[in-house]
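# Close look at the chain arrangement
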Amino acid sequence: MADAVPVMANRKDVKKKSYPKRFDAHQLMKNVVQSYLANKCLRIAGEKADELISNLPTKWQKHGDVMLFPDSSFADPFWHELPETFWQEIAQVHKVSRLGVMGKTVSNGFRQPTVTLLYGKHGWTEHIDNHVRYSFDVTRTMFSSGNITEKLRVSKFDCTDQVVVDLYAGIGYYTLPYLVHTKARHVHACEWNPDAVTALRKGLAINKVSDRCTVYEGDNSKAGLENIADRINLGLLPTSRDGWSVACIALKPTGGFLHIHDSLNSKGQDRLLAEKNYTLQTISEIKQILADVKPNQAEWNVTALHLERVKSYAPHITHIVLDLHCVCNPLEDE
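Residues numbered from 1 in each chain as written. Predicted model: local features only at pLDDT ≥ 70, side-chain atom pairs only at ≥ 80, totals over all residues. Heavy atoms only, no water.

## Observations concerning empty space enclosed by the protein
Using the criterion set out here, one finds one cavity of 30 Å³ or more in the structure. By volume, the largest cavity amounts to about 30 Å³. Elements with a contribution of two residues or more to the lining of the largest cavity: strand 6 (132-137) and helix 4 (148-155). Broken down by element, the lining of the largest cavity gets its largest block of residues, four residues, from helix 4. Of the residues that constitute the lining of the largest cavity, the class distribution is five nonpolar, two polar and two charged. (1 Å grid on protein atoms, 1.4 Å probe; cavity = no way out; pocket = protein on both sides within 12 Å on 5 of 7 lines; lining within 4 Å. Points joined across faces, edges and corners; volume = space filled by probe spheres on them. Helix = DSSP H or I, 4+ residues; strand = E, 2+ residues; numbered from the N terminus. Nonpolar A, V, L, I, M, F, W, Y, C, P; charged D, E, K, R; others polar.)

See the structure below:
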C-alpha cells in the first residue's frame, strides 16, 4: 500500500477563545491606578506616575476565575505596598476573583510554572474548552491554550467502543476530550507529574467520566500496557519519540492508530518537503519498532492518514501531529 500524503485540516470551524476586550479592560485598569495615585492618599504624580501607568500590562491569560499577567508585570516595589482593596478592584475590572503574575517555567522535568498570586488565597481554577471542564492549580501545573485546535480535532474522532491509551496525559488535555466527546470505551492515562495527576483526577470527577479511565502515575514504560489499545495519543513536546516503543507494545495485535506529536524544524528547506520527509522517516521507524516488539505477527502496513499543524512556537519550528494507521497482515501458512 502506498504511503498517504498528509493533508492539512480545514481550520474554518475552529472557534477562538473568548476574552474581555483588551483595550477596554486595559483602560479600566488605568482608571483604577490613576484613582489610587491621585486620590487614595498616595499623592504620586509626575514622571513616576506616568511610568507606573505606561508599564501596566496589555496582555494576560484568563483561566476560569484567575487572571495571569506576564512576568514583567507589576515589578516596581510600589505595587507591593498597595492594599488588598486595590487588587480587588483590578480583579473586578477583569471579572475574576484572583490575580497572579507568571514567572519562568521551572526546568525540573515537569515544566512547572512559577506564579505569584497578587490577589486570592489559592491557585485552583476551572477552565472550560468545548464543553470539557479542566481543573488545575495555576501555581503547580501548566495549561496550554495553544493546543485548542488539536483538542477540537480529537473531539471529532469516532472512537466508539475503542480502548485509548494517552501516554502523556498531563491534566487531561486529550484524555478528557476522548472520554467526553469521542465515545471511547476506556482510556488508560499515563502521567508522571504528581501535581498533574491530582488535576487529572479532579477533571475526571467533575466531567463524570472517572469510571471509564484508569490513571497510571509514573513512568509510562512501567505501566504494563500491552496489546490493549485501538488508539494511542503521544502528546509530548518537544518530541514523543521516547514513547514510540511503549506505544507499539500497547497496540492491539491487529494494530490501530497512533497520533504522534512532534516538533518539526523546517529551517533551510521547504515546509511541505520537510513534512513529507518527516512522515516517511517516521513510518519507516514505526514499522521497524513494530517488527521488533511484535516479532511473531508477520508484516505491518503503516499508513499516514493526516499531518496536522497545531501551532508555530519558534522560528521555523512547528508543533505537528502525525496520524498513522498500523495494520498487521498475518502471513499465510505455506
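Now that the structure has been shown, we can carry on.
## Quick notes on the nonpolar core
Counting 33 residues, the largest nonpolar core has L167, I232, L234, L258, I286 and L324 as its most contacted members. Looking at this core, the elements that each hand over two or more residues are strand 10 (231-234), helix 7 (244-250), strand 11 (255-265), helix 8 (271-293), strand 12 (299-314) and strand 13 (317-329). Leaving out residues up to four positions away in the same chain, L324 has contacts with G256, F257, L258, I260, T282, I283, I286, V302, T303 and A304. (Core = buried A, V, L, I, M, F, W, Y, C linked by side-chain atoms within 4.5 Å. Buried < 20%, exposed > 50% of the residue type's maximum accessible area, 1.4 Å probe, protein only. Contact = heavy atoms within 4.5 Å.)

## Some points on the sheet that holds strand 2 (residues 66-69)
Read across the sheet, four strands follow the order 1-2-3-4 without closing on themselves; strand pairing throughout is mixed. Both edges of this open sheet fall to strand 1 (61-63) and strand 4 (115-119), since each of them pairs with a single strand only. Across the sheet, the mean angle from the axis of one strand to that of its neighbour is 30°, orientation sign disregarded. Note that strand 1 and strand 2 share three bridges and pair antiparallel. When the sheet's bridge partners are listed, Q61 is paired in strand 2 with L68. Relative to strand 4, helix 3 (residues 84-93) is tilted by about 100°, and along the sheet it contacts strand 2, strand 3 (98-102) and strand 4. (Pairing = 2+ DSSP bridges. Axes fitted to C-alpha atoms, helices over the stretch in contact; angles between N-to-C directions.)

## Some words on the confidence of the model for the protein chain
When pLDDT is averaged across the protein chain, the result is 88; 88% of the residues are at 70 or more. Between residues 1-20, whose pLDDT stays under 50, and residues either more than four places distant or in other chains, the model counts 31 contacts. (pLDDT = per-residue confidence, 0-100.)

## Considerations on the sheet that holds strand 11
Adjacent strands of a sheet form backbone hydrogen bonds with each other and so pair up, either parallel or antiparallel. On the basis of which strands lie adjacent, the open sheet formed by seven strands has the order 9-8-7-10-11-13-12 and mixed pairing. Bordering the open sheet on either side are strand 9 (213-217) and strand 12, each of which pairs with just one other strand. Neighbour-to-neighbour, the strand axes of the sheet open up by a mean angle of 15°, direction not taken into account. With respect to the sheet, helix 4 is in contact with strand 11, strand 12 and strand 13, its orientation differing from that of strand 12 by roughly 145°.

## A look at the pattern of salt bridges
Summed over the entire model, instances satisfying the criterion amount to 10 salt bridges. Residue R153 is joined to E150 by a salt bridge in which the shortest nitrogen-to-oxygen separation is 2.9 Å. Taken together, the residues span about one helical turn, with R153 and E150 both in helix 4 at a distance of three residues. R153 sits in the buried class, given a relative accessible area of 13%. The exposure class assigned to E150 is buried, which follows from its relative accessible area of 0%. (Salt bridge = Lys/Arg side-chain N within 4 Å of Asp/Glu carboxyl O.)

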